Amino acid sequence: MSSAVAIRPPARPDRAESVVTEGRAVRWGLTGIAILFLALFLVLPLVTVFIQAFAKGWSAYFAAFQEADARSAIRLTLLVAAIAVPFNLVFGVSAAWAIAKFEFRGKNLLVTLIDLPFSVSPVVSGLIYVLVFGSQGLIGPWLIENDIQVIFAVPGIVLATIFVTFPFIARQLIPLMQEQGTAEEEAALTLGASGWHAFRTVTLPNIRWGLLYSVLLCNARAMGEFGAVSVVSGHIRGLTNTLPLHVEILYNEYNFVASFAVASLLAGLALVTLVIKSLLEWRYSADIAAGARRH
Amino acid sequence: MGTSTAIRVENLSKTFDTAAVLHDLSLDVRAGELLALLGPSGSGKTTLLRIIAGLDFPDRGRIIFGSDDATQLPVQERAVGFVFQHYALFKHMSVAENIAYGLNARKRSERPAKAEIKRRVGDLLDLIKLSGFADRYPSQLSGGQRQRIALARALAVEPRVLLLDEPFGALDAQVRKDLRRWLREIHDRTGQTTIFVTHDQDEALELSDRVAVLSKGRLEQIGTPDEVQENPVSSTVLKFLGDTIEVEAIVQGGEVRVNGRLTPVKAPNGLVGPVKLYARPWQLQFAEPDQAHLEGSVRSSYRSQGRQRIEVDRPEGKTVVVEASDSGRVAAGRHVGLKIIGGYVFKD
Amino acid sequence: MAEPPLRPRRRFRQPSVIPGFGLTFGYTLTCLGVIVLLPLAALVARASGLGLSGIWDVATDPRVASALRVSFGVSLLAALTASVFGFLVAWVLTRYRFPGQKIVDAVVDLPFALPTAVAGIALASLYAPNGLVGEQLAKIGIEAAYTPVGIYIAMVFIGLPFAVRTVQPLIVEIDKEIEEASATLGAGRWHTLVRVVLPPLIPAVLTGFALAFARGVGEYGSIIFIAGNLPYVSEIAPLLIVIKLSEFDYGGACAIATIMLGISFVTLLAINLIQAWSRRRFGYV
């Protein structure tokens, strides 16, 4: 939107803008309603998390993390994210390369299929893995025979997490790489670079901020996923409980302070994600989203 | 053509942030005339047009429509027809709905009957020669057709004045030419007072009854195309209206000399001492060195639109372009003399 | 002397000097197949094993039917609310200037970033009868927590960013000249908004509505804590899937999941149709 503003910056905003905007009272009224709505519906719940977490003071807050179950939940959440995010990173870059740099038939179908997990309910996302790997599932009997456990164990949690975060990185990178076209890579190739060298030295620097941005969002979702993980986890304390599941268990046991304390950890993660995301958007908006560049 | 004043612009000043775009500008627009606001980008011509329309507001000065002060009048009540460079058609409305928009937007008591609106739209479509297009959408039209629709939409409200902001700026060269001629025809037929903004001197000179040349927020000159071409009041106007050659000259006793040699150019009263002489490419001729005001060696020569143009490098490093209809191609590197047969002198 | 006609062969991929298509395309397909398509196929296989009548039997079970009604009905209302306020928020954020604007803009994404379970317990404690907001609502006779009202609140929370972020870029792109043109033709501000500004935004508003609706129907984590999960009253379809699974009623779970998937596909289809129509009509999405 910068160009329009740069050409005709309003000298006296109330007057110069008046032709194509609402009256001052209407503007302030609508702004007030919007902010009030956001404060009530979005900010208040977030604030509540921290208020409840510290309701009984600092010591009660920290006590929540002394528990062995809490610590194992943190460890498991980190482990799951450490597997799921890199997996989706490799997948996302690979899919974006194939889709953005080449023309082939059925491309739109492929993109739609990659998007599919976005439109599947988290609970259904968990369910489908139970149907494949569960005791009554497609390969369940074979798994039992070979003593491999997927459902109600870490592999199932990882799979469900990968599923729900599957489109994140690919969807961010595809339009970005499409917009950048292939000219720079072709130039690198004519100058004698290998394909891998061209990718590292030409493509990667062009997409790094978009990549970072999408990894950040993917990670936030991976650590926070609840529905899908809940279905495949089996809620075995100390073994298959991730942080969000631990929050649920503590809450259902009426251990509110501990529940909100653990939740505050996740809320903190969300806040940090949001802050870095916003900073990236303000600073590198053109490098993050295709079409953000306005001429 | 009437000579009564339709719009009077008085001492208009406008500042955006810290940059002044209009300085104390005054201008009269005559009823029924087609006036061009000509100037380079940043000259303030579009801002002036927007202030007349009521889309921007001046810091100082007044806009008078007929005998009414319209300075504080909101845009909706000014009854101007504004045509934007990029058409600004309503994409979700058909051509007919676009044209009827201004009539439908009126208060119920002032709105014409449905049948009357339909008739008016039909007439306008005839006028712009797009009769079969009433039910099309803007996305189905070419740029030239869209601009004609935009014009019809502006005319539909029977505006006091029609304002066009670089109306042909976004179009191809050929379409531009056709639309220019067509706009002139429409104007001749309707007698609608019209102001249009352009940075293209050919467009301004070809189309308009009068040209107002703007530079850096000031009105340099206003007059008929012939007046501004034959009697430019400043070097700015002169330079803006076409290619010029600029040489140092001395004025003594009303005579203008270049390199000590007399020229046929007459100096205005009161101008003495060192001045600048400006000549058009066709106001130079090849001449023997003993009659020449300038000399140099030919860099290249080429034909453009039926005329021979010769680039001559002068010893001080400047290159001048000479236009000669009778000479053939001149060999590069040849030493030539140039004689000034006409031009204008200004202090700067 | 007939030369062979130069008919380009229709091929799968247009030639390119850029390497790595085989590798990246193959890897992409493999991942997609193993992670997404195969497990989804398992669901489809299972559901087709039940047959249409089997699915119908589950769907018409009073408890399931009630849960589906709650999920779809409340989500519809919530998406409507999110669309109205989402439009307002998007408008205010793009059209007006006020202090703290960038922060307000960032806040909109909070439901995207906040884990659903965290949002769920926070909403539950806020709207509980003794909670900060619940107490006030109780005074005017509204029970929020443990009723469909609570579900509605959670769904508005989760759907709002979809509504805002689909409309916002289109508001940014509105050509101000369109509004100026309307004003020069004598239209007042309200007339301009209703006749000129809003109509081209309708497809985006509908898309945002559909996205918020689909998300609301499938949502689980942020709802179950506030909903109270009373069968026939405030039990949502996703929860019923979890319950069926814990009872090892895989068939029942599949049937409900299939119905939900079917509805989200219809929603997706609707979005695509809206966008195709918009492209045809206005030349843009």
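Predicted, not measured: the structure shown is a model, and the values here were computed from it.

Calculation rules
Residues numbered from 1 in each chain as written. Chains lettered and ligands numbered in written order. Predicted model: local features only at pLDDT ≥ 70, side-chain atom pairs only at ≥ 80, totals over all residues. Heavy atoms only, no water. Buried < 20%, exposed > 50% of the residue type's maximum accessible area, 1.4 Å probe, protein only. Helix = DSSP H or I, 4+ residues; strand = E, 2+ residues; numbered from the N terminus. Pairing = 2+ DSSP bridges. UniProt positions renumbered as here; feature names shortened; annotations may be inferred. pLDDT = per-residue confidence, 0-100. Contact = heavy atoms within 4.5 Å. Patch = residues over 30% accessible without salt bridge, like charges linked within 9 Å, V, L, I, M, F, W, Y side chains within 5 Å. Areas by Shrake-Rupley, 256 points an atom, 1.4 Å probe, with all protein chains shown as cover. Salt bridge = Lys/Arg side-chain N within 4 Å of Asp/Glu carboxyl O.

1. Let's talk about the pairing of strand E3 (residues 34-38) of chain B
Two faces, one strand: in a regular strand the side chains alternate between the faces of the sheet. Residue and element names in this part refer to chain B. The buried count for E3 comes to five of five residues, which makes it a mostly enclosed element. Burial along E3 is two-sided: the face carrying Leu34, Ala36 and Leu38 and the face carrying Leu35 and Leu37 are both buried. For E3 and strand E8 (residues 194-198), the ladder comprises five bridges, and the chain directions are parallel. Each residue of the ladder has a partner; that of Leu35, found in E8, is Ile195. Judged from the four bridges that link them, E3 and strand E9 (residues 210-215) form a sheet pairing that is parallel. Note on E9: the bridge partner recorded for Leu38 is Val213.

2. Here's the deal with the UniProt feature "transmembrane region" (unreviewed entry) in chain C
Residues and elements named next belong to chain C. Within this numbering scheme, the UniProt entry marks residues 21-47, 67-94, 149-172, 193-214, 220-243 and 250-274 as carrying the feature "transmembrane region" (unreviewed entry). Within the segment residues 21-47, helix and strand shares are 100% and 0% respectively, and the terminal C-alpha atoms sit 36 Å apart. Within the segment residues 250-274, helix and strand shares are 100% and 0% respectively, and the terminal C-alpha atoms sit 36 Å apart.

3. What to know about the UniProt feature "transmembrane region" (unreviewed entry) in chain A
Residue and element names in this part refer to chain A. UniProt marks residues 33-55, 76-100, 120-143, 150-170 and 254-276 with the feature "transmembrane region" (unreviewed entry), using the numbering shown here. The span residues 33-55 shows a helical share of 91% and a strand share of 0%, and its end C-alpha atoms are spaced 30 Å apart. For residues 120-143, the end-to-end C-alpha separation is 26 Å, with 67% helix and 0% strand making up the annotated structure.

4. Thoughts on the environment of Pro74 of chain B
Structurally, Pro74 of chain B is set in the loop between strand E5 (68-69) and strand E6 (80-83). Classification of Pro74 of chain B as partly exposed rests on a relative accessible area of 32%.

5. Topic: the confidence of the model for chain A
All names here are of chain A. In this model, chain A carries an average pLDDT of 87, and 92% of its residues clear a pLDDT of 70 or more. Of all the helices and strands in chain A, helix H1 (residues 2-7) carries the lowest mean pLDDT, 32, while helix H5 (residues 68-101) carries the highest, 95. Across residues 1-16 the pLDDT falls below 50, and counting only partners more than four positions away or on other chains, this stretch makes 25 contacts in the model. Segment residues 291-295 is flagged for pLDDT under 50; beyond a separation of four residues in sequence, or across chains, it makes nine contacts in the model.

6. Things to note about a nonpolar patch on the surface
All names here are of chain A. On the surface, Leu138, Ile139, Trp142 and Ile148 cluster together into a nonpolar patch covering about 410 Å² of accessible area. You can see Trp142 is positioned in helix H8 (residues 140-145). For Trp142, a relative accessible area of 49% gives the class partly exposed.

7. Digging into the UniProt feature "domain: ABC transmembrane type-1" (unreviewed entry) in chain C
In the numbering used here, UniProt assigns the "domain: ABC transmembrane type-1" (unreviewed entry) feature to residues 68-271 of chain C. Counting secondary structure, residues 68-271 of chain C comes out at 78% helix and 0% strand; the distance between its end C-alpha atoms is 21 Å.

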